[in-house]
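# Coordinate inspection notes
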Amino acid sequence: MYVVCKEHLELAIDKFVDEYEDAPDVVDLKETEFSDWDPPAKCAECEQDAKFLVV
Ligand SMILES: [Zn+2]
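Residues numbered from 1 in each chain as written. Predicted model: local features only at pLDDT ≥ 70, side-chain atom pairs only at ≥ 80, totals over all residues. Heavy atoms only, no water.

Each helix and strand counted, the protein has one helix and three strands in total. For the protein, the N- to C-terminal ordering of α and β elements is β-α-β-β. Against the globule reference of 10 Å for 55 residues, the protein gives a C-alpha radius of gyration of 11 Å, in line with a compact fold. With respect to the principal axes defined by its C-alpha atoms, the protein has extents near 30 × 25 × 15 Å. Going through the 55 residues of the protein one by one, you find that 29% of them count as buried. By sequence separation, contacts in the protein at least 24 residues apart represent 64% of the contacts at least 6 residues apart. Averaging the locations of the 5 positively and 16 negatively charged side chains of the protein gives two centres separated by 9 Å. (Helix = DSSP H or I, 4+ residues; strand = E, 2+ residues; numbered from the N terminus. Rg over C-alpha atoms; globule rule 2.2 N^0.38 Å. Buried < 20%, exposed > 50% of the residue type's maximum accessible area, 1.4 Å probe, protein only. Contact = heavy atoms within 4.5 Å. Lys, Arg positive; Asp, Glu negative; His and termini not counted. Charge placed at Lys NZ, Arg CZ, Asp CG, Glu CD.)

In structure tokens:
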């Protein structure tokens, strides 16, 4: 699972495919609310705001 900004979305998808050998689901954090989990505020790869969850 990766939480990333828009710039690093493709990188995260590539990493996911490498690791799990399967296509991930991409979730837009703005359109989704999690009842029992707070996504990280920052991208895993840089200091920008996190926008997508790759899972
Ligand atoms: Zn980033």
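Moving on from the coordinates now.
This paragraph deals with the coordination of the zinc ion. Of the protein atoms, only Cys5 (SG), His8 (ND1), Cys43 (SG) and Cys46 (SG) coordinate the zinc ion, at distances of 1.9 to 2.3 Å. With four donor atoms in place around the zinc ion and angles of 102 to 115 degrees between them, the coordination shape is tetrahedral. Coordination of the zinc ion draws on donor residues from a single chain, spaced C-x2-H-x34-C-x2-C in sequence. Of this pair, His8 sits in the loop between strand E1 (2-4) and helix H1 (9-20) while Cys46 sits in the loop between strand E2 (26-28) and strand E3 (52-54); the two residues are 38 residues apart in sequence, bridging distant segments of the chain. Accessibility expressed as a relative area gives 17% for His8, which makes it buried. (Donors = N, O, S within 2.8 Å, 3.2 Å for Na, K, Ca; no water. Tetrahedral: all angles 85-135°; square planar, octahedral: opposite > 155°, others 65-115°.)

Another aspect to go through is unusual backbone geometry. With a phi close to 50 degrees, Glu21 is a non-glycine residue in the positive phi region. For Glu21, the position within the fold is in the loop between H1 and E2.

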